[in-house]
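Spelled out from the first residue to the last, the chains are:
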Amino acid sequence: MSAPTLQGVFRVVVENVLNRWTALRLAVEHGMGGPLGLNTAIELIDYVTSYCTENKNVDAIDLREVLEEIMDQEFETICEDDSIHEVSGILIKYLRMLKEGKMEEVRAGIDQMVPCEMWIVSGSKIKYQRMDDSSESDDDADDQEEMEVEPAVSQNKSAEVNPSTCGSSTKFVEENADPGWTQVRGRRRR
């Protein structure tokens, strides 16, 4: 199979697999790729296609590392659900089948995939969901208060910081996580 033909057919495989990847879609919908997240996803299809077809010995581990890096750098997303492992395994399986000349098996595999919306296309309308940055539950919403963080007294000891509002049910403990960084944790009093 010639390189342009391999690249063209493999691009169809990559499109079908990445359009079904929930982690990528959620990252784009939640704006993790910025306002041009959809364009980045389109570029991801082109990049993965080129990476896999232009390099001679690409395996699932190589592709997984590339996808992890792209998701982290471009979409500020770390997938802890092993979906990157699954996606890279599927793509490499189809790439090997294509290199072995099993074009009909690849087409049959694509046809057997669960139908999905092909959302990674130019001009597609993505429904962006607003991220809620508050990590408070409804019970804590009434207890909101401003907090000032001061540098820790000693690097090895943790200092107790009392909230500025009397009668609060939250106790804050300040700890030095790393030199130069101060970590503040909230704890509920019982």
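For the structure itself, consult the block above.
Cut-offs used in this document
Residues numbered from 1 in each chain as written. Predicted model: local features only at pLDDT ≥ 70, side-chain atom pairs only at ≥ 80, totals over all residues. Heavy atoms only, no water. Helix = DSSP H or I, 4+ residues; strand = E, 2+ residues; numbered from the N terminus. Buried < 20%, exposed > 50% of the residue type's maximum accessible area, 1.4 Å probe, protein only. Contact = heavy atoms within 4.5 Å. Areas by Shrake-Rupley, 256 points an atom, 1.4 Å probe, with all protein chains shown as cover. Core = buried A, V, L, I, M, F, W, Y, C linked by side-chain atoms within 4.5 Å. Expected span 1.5 Å × (residues − 1). Axes fitted to C-alpha atoms, helices over the stretch in contact; angles between N-to-C directions. Parallel < 35°, antiparallel > 145°, perpendicular 65-115°, else oblique. Left-handed = near helix turned anticlockwise from the far one by under 90°. Nonpolar A, V, L, I, M, F, W, Y, C, P; charged D, E, K, R; others polar. Salt bridge = Lys/Arg side-chain N within 4 Å of Asp/Glu carboxyl O.

## Observations concerning the overall build of the protein
And step 1. Each helix and strand counted, the protein has seven helices and three strands in total.
And step 2. Along the chain direction, N to C, the helices and strands of the protein fall in the order α-α-α-α-α-α-α-β-β-β.
And step 3. In the protein, which comprises 190 residues, the proportion classed as buried is 33%.
And step 4. Looking at the protein alone, contacts between residues at least 24 apart form 62% of all its contacts between residues at least 6 apart.
And step 5. Only carbon and sulfur atoms are counted for the fraction: they give 46% of the accessible area of the protein, which is about 12,800 Å².

## Thoughts on the nonpolar core
And step 1. Core analysis: the largest hydrophobic core is formed by 42 residues, its most contacted members being Leu18, Trp21, Leu24 and Leu91.
And step 2. The set of elements that each furnish at least two residues to this core consists of α1 (3-19), α2 (22-29), α3 (37-54), α4 (60-75), α5 (83-99) and α6 (103-112).
And step 3. Sequence-distant contacts of Leu24, that is, excluding residues within four places in its chain, are made with Leu18, Leu44, Met71, Phe75, Trp119 and Ile120.

## Considering α5
And step 1. In this model, α5 (17 residues) spans 24 Å end to end at C-alpha, consistent with the 24 Å of a helix rising 1.5 Å per residue.
And step 2. Every buried residue of α5 is accounted for by Ser83, Ile84, Val87, Ser88, Leu91, Ile92, Tyr94, Leu95, Met97 and Leu98.
And step 3. The elements touched by buried residues of α5 are α1, α2, α3, α4 and α6.
And step 4. Downstream of α5 by one or two residues, Gly101 has phi in the positive range, about 85 degrees.

## Some words on the packing of α3 against α4
And step 1. Between α3 and α4, the shortest axis-to-axis distance is 12 Å and the interhelical angle comes to 160 degrees. In terms of orientation, α3 lies roughly antiparallel with respect to α4. Remark: the crossing between α3 and α4 carries right-handed chirality. Taken together, the residues of α4 that come into contact with α3 (itself represented by Gly37, Thr40, Ala41, Leu44, Tyr47, Val48, Tyr51 and Cys52) are Asp62, Leu63, Val66, Leu67, Ile70, Glu74 and Phe75.
And step 2. When its residues are assigned to classes, the contact of α3 with α4 shows eleven nonpolar, two polar and two charged.

## Here's the deal with the pattern of salt bridges
And step 1. Evaluated as defined, the whole model comprises five salt bridges.
And step 2. The shortest N-O distance in the salt bridge between Asp46 and Arg11 comes to 2.6 Å. Of this pair, Asp46 sits in helix α3 while Arg11 sits in helix α1, and the two are 35 residues apart along the sequence.
And step 3. The class for Asp46 is partly exposed, based on a relative accessible area of 33%.
And step 4. Residue Arg11 is classed as partly exposed on the basis of its relative accessible area of 25%.

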